[in-house]
Amino acid sequence: MRVLGAIERVVPLLVAVLTAVMPLMLAILSNSKKQREQEKEHSDRLCGVMEQLKSSFERVEVKVNTLENHLRENYRRILMMEIMEENLPMEERLKAGEAYVKEGWNGAVKTLYLTLQEEYQESLKERG
C-alpha cells in the first residue's frame with residue numbers, strides 16, 4: 001500500500017513536470033531544426049562564394065601566365081636587338097648575349113653572340 005500511495009503522489013508530479021518540460025523540449029527541437037536549416041543555407045552560400053572565388057582566381061592565373069609569356073618574349077626580343085645592334089658598344093652586346101644564352105635561347109642570335117665573343121677576345125689580344 002505504501003508503494004501505491006507513493007506512486008499516486010509521484011504520478012501527478014511527474015505529469016506536471018512532463019507538461020511543463022514538453023513545450024521546452026519541442027521548442028529546443030524546433031530551434032535545432034531551424035538552426036540546422038539555417039546552417040545548411042549558410043554553408044550552401046559559402047560554397048557558392050568559394051566556387052566564384054576559385055573561378056576568379058583561375059581566370060587571374062590565366063591572365064598572369066599570358067602576361068608572363070608576353071614579358072618573356074619581349075625580353076627575348078630586346079636582347080636580340082641589343083646583340084644585333086652594331087652601334088652599341090661591344091661590352092653591352094656581349095652582356096645581352098650572355099643573358100640570352102643564360103635563358104636557354106638558341107639559334108642565329110646565339111651564333112652571332114658566340115662570334116662576337118671571339119671577335120672581342122681577338123681585339124683584346126691585339127690591344128694587349
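Quick notes on the rules
Residues numbered from 1 in each chain as written. Predicted model: local features only at pLDDT ≥ 70, side-chain atom pairs only at ≥ 80, totals over all residues. Heavy atoms only, no water. Helix = DSSP H or I, 4+ residues; strand = E, 2+ residues; numbered from the N terminus. Expected span 1.5 Å × (residues − 1). Buried < 20%, exposed > 50% of the residue type's maximum accessible area, 1.4 Å probe, protein only. pLDDT = per-residue confidence, 0-100. Patch = residues over 30% accessible without salt bridge, like charges linked within 9 Å, V, L, I, M, F, W, Y side chains within 5 Å. Areas by Shrake-Rupley, 256 points an atom, 1.4 Å probe, with all protein chains shown as cover. Salt bridge = Lys/Arg side-chain N within 4 Å of Asp/Glu carboxyl O. Lys, Arg positive; Asp, Glu negative; His and termini not counted. Charge placed at Lys NZ, Arg CZ, Asp CG, Glu CD. Axes fitted to C-alpha atoms, helices over the stretch in contact; angles between N-to-C directions. Parallel < 35°, antiparallel > 145°, perpendicular 65-115°, else oblique. Left-handed = near helix turned anticlockwise from the far one by under 90°. Contact = heavy atoms within 4.5 Å. Nonpolar A, V, L, I, M, F, W, Y, C, P; charged D, E, K, R; others polar.

Asks: Residues and numbers for helix H2 (residues 90–102), please.
Replies: Look at H2: 18 Å from first C-alpha to last across 13 residues, which is about the 18 Å you get at 1.5 Å a residue. Residues Arg93, Leu94, Ala96, Gly97, Ala99 and Tyr100 constitute the buried set of H2. Immediately beyond the C-terminal end of H2, within one or two residues, lies Gly104, with a positive phi of roughly 90°.

Asks: Tell me about the confidence of the model for the protein, and name the residues and values.
Replies: Per-chain confidence: the protein averages 87 in pLDDT, with 95% of residues scoring 70 or above. Mean pLDDT per element in the protein: helix H1 (residues 2–84) is the minimum at 83, and H2 is the maximum at 96.

Asks: I'd like a description of a negative patch on the surface, backed by residues and values.
Replies: A cluster of acidic residues, Glu118, Glu119, Glu122 and Glu126, forms a negative patch at the surface. The residue Glu119 is located in helix H3 (residues 108–127) in this model. Look at Glu119 and you get partly exposed, because its relative accessible area is 42%.

Asks: Got a sec to walk through a nonpolar patch on the surface? Specific residues and values, please.
Replies: On the surface, Leu13, Val17, Val21, Met22, Met25, Leu26, Ile28 and Leu29 cluster together to form a nonpolar patch covering roughly 760 Å² of accessible area. Mapping Leu29 onto the fold places it in helix H1. Judged by relative accessible area, which is 55%, Leu29 ranks as exposed.

Asks: Lay out the pattern of salt bridges in plain terms, naming residues and giving numbers.
Replies: One pass over the full model with this rule turns up 5 salt bridges. The salt bridge involving Lys40 is made with Asp44; its shortest N-O contact spans 3.2 Å. Taken together, the positions of Lys40 and Asp44, both in helix H1 and 4 residues apart, correspond to about one turn of that helix. Residue classification places Asp44 among the partly exposed residues on the basis of a relative accessible area of 45%. In the salt-bridge network here, residues are joined through shared partners; they are Glu73, Arg76 and Arg77.

Asks: Which residues make up the packing of H2 against H3, and what values go with them?
Replies: The geometry of H2 relative to H3 is characterised by a closest axis approach of 9 Å and an angle of 135° between their N-to-C directions. Regarding the angle of H2 to H3, the classification is oblique. Two packed elements cross with a definite hand, and for H2 against H3 that hand is left-handed. On H3, the residues that touch Met90, Glu91, Arg93, Leu94, Gly97, Glu98, Tyr100 and Val101 of H2 are Val109, Lys110, Tyr113, Leu116, Gln117, Glu119 and Tyr120. Residue composition of the contact of H2 with H3, grouped by class: 8 nonpolar, 2 polar and 5 charged.

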